[in-house]
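# Structural description and commentary
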Amino acid sequence: MALRTIVKDGDPILKKVCRPVTKFDDRLATLLDDMQDTLVDADGLGLAGPQVGMMRRIFICLDDRDLPEEVPANYEYKFIEFINPEILASDGDQVYQEGCLSVPGIYADVTRANRITVRYLERDGQPRELDTDGLLAVCIQHEMDHLDGKLFVDYLSPLKREMVRKKLAKQRRHAA
Ligand code: ZN
């Protein structure tokens, strides 16, 4: 198990567009394993390549579809790995209060599609298609944005964004 450092808001890496994955090798498998460890350790729902400094079109999301009502302490969470993902169709909308491991302590309502169909590759290069809604659909859309250098706070009004900016600056001062 290896944890990777999570890149925080303010780092220019988070504003860059990622390139597709072309090699489906051991390095990719190790990266995905590390991303999973890092996500569990940080107690998040999703994690994208650029958040651990890898500028590739890759992310993982917690699969919440079979989660028990009460999650036992030793529960083995399941994750879906998305490589070179593409949203083929989207329908309806939903509002969810989002957060992001790269923007700690900030939560805000974002409107996204309710239902999406996404095509992606698995770690061995096999193509897959997934049709889903609810939280998993939110997670996928949030992580897709990371691959194009976009953060959820970019959807906020200028006034709210300014409030977020001030809060983050204050956090950084306290952390220093
Ligand atoms: Zn995020």
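The notes below deal with the structure included here. These figures come from a predicted structure and were not determined experimentally.

Next up on the list: the overall build of the protein. The secondary structure content of the protein amounts to three helices and seven strands. The order of α-helices and β-strands along the protein, N terminus first, is α-β-β-β-β-β-β-β-α-α. Taken over C-alpha atoms, the radius of gyration comes to 16 Å for the protein, in line with the 16 Å a tight globule of 176 residues would show. Seen through its C-alpha atoms, the protein measures out along the principal axes to roughly 45 × 35 × 35 Å. Out of the 176 residues in the protein, the part that is buried amounts to 40%. Of the contacts formed within the protein by residues at least 6 apart in sequence, a portion of 66% connects residues at least 24 apart. Surface summary for the protein: the accessible area is close to 10100 Å², and the carbon and sulfur share equals 48%. Charged side chains in the protein number 25 positive and 31 negative. The centres of these two groups are separated by 10 Å.

This next bit is on the pattern of salt bridges. Within the structure shown, the criterion is met by 14 salt bridges. For Glu162, the salt bridge identified is with Arg165, shortest N-O distance 2.9 Å. Here Glu162 and its partner Arg165 are both found in helix α3 (residues 158-175), three residues apart, which amounts to about one turn of the helix. Relative accessible area serves as the criterion here: at 48%, Arg165 is assigned to the partly exposed category. Taken together, the shared-partner salt bridges in this structure form one network comprising Asp33, Glu81 and Arg123.

What follows covers the coordination of the zinc ion. The protein atoms that coordinate the zinc ion are Cys100 (SG), His142 (NE2) and His146 (NE2), at distances spanning 2.0 to 2.3 Å. Spacing between the donor residues of the zinc ion along their common chain follows C-x41-H-x3-H. With Cys100 in the loop between β4 (94-98) and β5 (108-112) and His142 in helix α2 (residues 134-147), this residue pair connects regions lying 42 residues apart in the sequence. Residue Cys100 is classed as buried on the basis of its relative accessible area, which comes to 10%.

Tallied over the entire structure, the rule returns three aromatic pairs. Taking the centre distance of 5.2 Å and the plane angle of 80 degrees together, the rings of Tyr75 and Tyr77 count as edge-to-face. Among the aromatic side chains, those forming a connected cluster through ring pairs are Phe59, Phe82 and Tyr120.

Right, let's get into the sheet that holds strand β3 (residues 79-91). Reading across from one edge, β1-β2-β3-β6-β7 is the order of the five strands in this open sheet, with antiparallel pairing throughout. Across the chains shown, the open sheet's two edge strands, defined by having one partner strand only, are β1 (46-48) and β7 (127-133). Between one strand axis and the next, the sheet turns through 40 degrees on average, direction left out of account. Contacts from α2 reach β1, β2 (58-62), β3, β6 (115-121) and β7, with the element oriented near 160 degrees to β2.

With that out of the way, let us pick up the environment of Val71. Within the secondary structure, Val71 is located in the loop between β2 and β3. Distance in space between the C-alpha atoms of Val71 and Arg128 is 28 Å, their sequence separation being 57 residues.

We now examine α2. Counted at 1.5 Å a residue, the expected span for α2 with its 14 residues is 20 Å, and the 21 Å between its end C-alpha atoms agrees. Within α2, 12 of the 14 residues are buried, which leaves it mostly tucked inside the rest of the structure. Of the residues making up α2, those classed as buried are Leu136, Ala137, Val138, Cys139, Ile140, Gln141, His142, Glu143, Met144, Asp145, His146 and Leu147. Phi turns positive, to about 75 degrees, at Gly149, one or two residues after α2.

Calculation notes
Residues numbered from 1 in each chain as written. Predicted model: local features only at pLDDT ≥ 70, side-chain atom pairs only at ≥ 80, totals over all residues. Heavy atoms only, no water. Helix = DSSP H or I, 4+ residues; strand = E, 2+ residues; numbered from the N terminus. Rg over C-alpha atoms; globule rule 2.2 N^0.38 Å. Buried < 20%, exposed > 50% of the residue type's maximum accessible area, 1.4 Å probe, protein only. Contact = heavy atoms within 4.5 Å. Areas by Shrake-Rupley, 256 points an atom, 1.4 Å probe, with all protein chains shown as cover. Lys, Arg positive; Asp, Glu negative; His and termini not counted. Charge placed at Lys NZ, Arg CZ, Asp CG, Glu CD. Salt bridge = Lys/Arg side-chain N within 4 Å of Asp/Glu carboxyl O. Donors = N, O, S within 2.8 Å, 3.2 Å for Na, K, Ca; no water. Phe/Tyr/Trp six-rings, centres within 6.5 Å; stacked < 30°, edge-to-face > 60°. Pairing = 2+ DSSP bridges. Axes fitted to C-alpha atoms, helices over the stretch in contact; angles between N-to-C directions. Expected span 1.5 Å × (residues − 1).

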